[in-house]
Amino acid sequence: MSEFLERVNRWPAMRFTAIECENRDGGYEIYVLDKSHQTVSRLLIYRTPDQQHASAMTGHFRIWLDKVNRKRTQVQQKKAGSSILDKSSAALARIRGRTPQQSAAARSV
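Everything numeric in this text was worked out from a predicted model, so none of it was measured.

Visitor: Would you explain the pattern of salt bridges in this entry?
Guide: Opposite charge on two side chains permits them to pair, given that their charged atoms come into close proximity. Under the criterion given, the structure shown has seven salt bridges. Measuring nitrogen to oxygen at the nearest pair gives 2.8 Å for the salt bridge that ties Arg-10 to Glu-6. Residue classification places Arg-10 among the exposed positions, given a relative accessible area of 54%. Taking the relative accessible area as the measure of exposure, Glu-6 reaches 45% and is therefore partly exposed. A salt bridge links Arg-42 to Glu-20, with the shortest nitrogen-to-oxygen separation between them at 2.5 Å. Pair noted here: Arg-42 is in strand β3 (residues 41–48) and Glu-20 is in strand β1 (residues 16–24), with a separation of 22 residues, a long-range link. The class of Arg-42 is partly exposed, set by a relative accessible area of 37%. Taking relative accessible area as the criterion, Glu-20 reaches 27% and is therefore assigned partly exposed. Within the structure, one salt-bridge network assembled from shared partners comprises Glu-20, Glu-22, Arg-24, Glu-29, Arg-42 and Arg-47.

Visitor: Before we go on, may I ask you to explain the packing of aromatic side chains in this structure?
Guide: What the rule picks out here adds up to four aromatic pairs. Aromatic pair Phe-4 and Trp-64: ring centres 5.9 Å apart, planes at 55 degrees, arrangement tilted. On the criterion of sequence distance, the pair formed by Phe-4 in helix α1 (residues 2–9) and Trp-64 in helix α2 (residues 51–95) is long-range, its members being 60 residues apart. You can call Trp-64 buried: its relative accessible area is 18%. Their ring planes at 65 degrees and their centres at 5.7 Å tell us that Tyr-46 and Phe-61 sit as a pair that is edge-to-face. Of this pair, Tyr-46 sits in strand β3 while Phe-61 sits in helix α2, and the two are 15 residues apart along the sequence. Judged by its relative accessible area of 4%, Phe-61 falls in the buried class. Grouped by ring-pair contacts, the aromatic residues Phe-4, Tyr-46, Phe-61 and Trp-64 constitute a single cluster. Here Arg-42 stacks its cationic end above the ring of Tyr-31, 3.8 Å away from the centre of that ring.

Basis of the calculations
- Residues numbered from 1 in each chain as written.
- Predicted model: local features only at pLDDT ≥ 70, side-chain atom pairs only at ≥ 80, totals over all residues.
- Heavy atoms only, no water.
- Salt bridge = Lys/Arg side-chain N within 4 Å of Asp/Glu carboxyl O.
- Buried < 20%, exposed > 50% of the residue type's maximum accessible area, 1.4 Å probe, protein only.
- Helix = DSSP H or I, 4+ residues; strand = E, 2+ residues; numbered from the N terminus.
- Phe/Tyr/Trp six-rings, centres within 6.5 Å; stacked < 30°, edge-to-face > 60°.
- Lys NZ or Arg CZ within 6 Å of the ring centre and 35° of its normal.

Structure (structure tokens):
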């Protein structure tokens, strides 16, 4: 799974949502797909000469892709939540006439 994660994470702007297996040149190639734009982007992630192995790996990659996407969603939600919290804390501090650092120092006392 670590190699899969490494390859997918090299393309942080891509939103991979599907796995596809294709018979090519007597072997099988497995791609991860990004369908979020007008065109479909494909990233080759695995090759094998054996159909059964390709089927098994396609299943693994689908599970792993689901895990990657869930984790990305959680991280994005966490970032969005913390930035909203940071902004509201800063706004509240300004209302009270303090800098955000002064407010943080007052809360820790």
